[in-house]
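One-letter residues, chain by chain:
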Amino acid sequence: MRAHFEALDAAEAQIELMSDLGDSVLEYQMDYVYDREGNDQFTITAPESLAGIGGTIAGTDSAQFTLQYDGLSLDDAMPQRTGLTPADSLFCLLNDLRTAQPVQIWSESASGTDFLVLRYEGEDEDGTVEKQVWLTEQDMQPAYAELYADGSRVLTIRVTAWQET
C-alpha cells in the first residue's frame, strides 16, 4: 500500500471534516487537489460562511502553508499542531501513507466494502498523535480517517469522492 501512494502523482478529492476542539464541534466540506510535484490546493465549500477560502501547501511538510481568499493571501498561517487541523490534515495524512510505517494493519468490512485499516502513532513536542485510516482494499482509495491528540479524537475525515489523475 505504501508503494501505491509513493507512486501517486496526483489526485482530486472531496472531503467532509469534523473538528472537535473540546468546546465546539465544527464541520467543513472541501475540495482537495494533491500534486506530488507541485503544490496541494484546497478550497472550502461549506459552511457557506467560509466557502471560497482556500489554501496552498507546498513541499514535503506543511511548513510552507498559505491561506487565500478572493485574491488576498496570508503566508503565516501555520496551524498550532501540524496535521491535526482541517486545513492540513489530508496533506499530512497522504504524507504518512507515502512515507510512514503503520504500527498496526487489519481488515474490516462495512456495507459490502472491504477495507484495510492502518494505525499510525507518533509524538511531537505537544504530546501523542494517533491516526487510523480506512482504505478500500480493492483500489487503496482513502475512505475515512480519525485523528487523535493525547487520546482524544480531534478530527475525522470522510472522503466522499476520490479520483487519481
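Notes on the structure follow. (Residues numbered from 1 in each chain as written. Predicted model: local features only at pLDDT ≥ 70, side-chain atom pairs only at ≥ 80, totals over all residues. Heavy atoms only, no water.)

## Here we look at the environment of L50
Going by this rule: Strands here are runs of E lasting at least two residues and helices are runs of H or I lasting at least four, both read from the DSSP assignment and numbered beginning at the N terminus. The contact definition used throughout considers only heavy atoms, calling two residues in contact when any of these lie within 4.5 Å.
Turning to its location among the elements, L50 is positioned in the loop between β3 (40-46) and β4 (54-58). Considering only alpha carbons, one finds L50 and Y28, 22 residues apart in sequence, at a separation of 8.8 Å. If near-sequence neighbours (up to four positions away) are discounted, L50 is found in contact with Y28 and I44.

## Re the pattern of salt bridges
To be explicit about the condition: What counts as a salt bridge is simple: a side-chain nitrogen of Lys or Arg found within 4 Å of a carboxyl oxygen of Asp or Glu. Burial classes follow relative accessibility: with a 1.4 Å probe on protein chains only, a residue under 20% of its type's maximum area counts as buried, one over 50% as exposed, and anything between as partly exposed.
Across all of its chains, the model carries seven salt bridges by this definition. The residue E121 makes a salt bridge to R119 at a minimum N-O spacing of 2.7 Å. The exposure class assigned to R119 is buried, which follows from its relative accessible area of 18%. Between R153 and E146 there is a salt bridge, and its shortest N-O distance comes to 3.3 Å. Shared partners join several salt bridges into a network, and the residues in it are D9, R36 and E37.

## Description of the pairing of strand β11 (residues 152-164)
What counts here: Strands pair, by our definition, only if DSSP identifies at least two bridges between them.
The pairing of strand β1 (residues 10-20) with β11 spans nine bridges and is classified as antiparallel. In the sheet register, A13 faces β11, and the bridge partner there is W162. Bridge analysis of strand β10 (residues 142-149) against β11 gives six bridges, and the strand direction is antiparallel. Its bridge partner being in β11, Y144 is matched across the sheet by R158. If you look at the hairpin formed by β10 and β11, you'll find two residues sitting between the two strands, and D150 has a positive phi there, around 50°.

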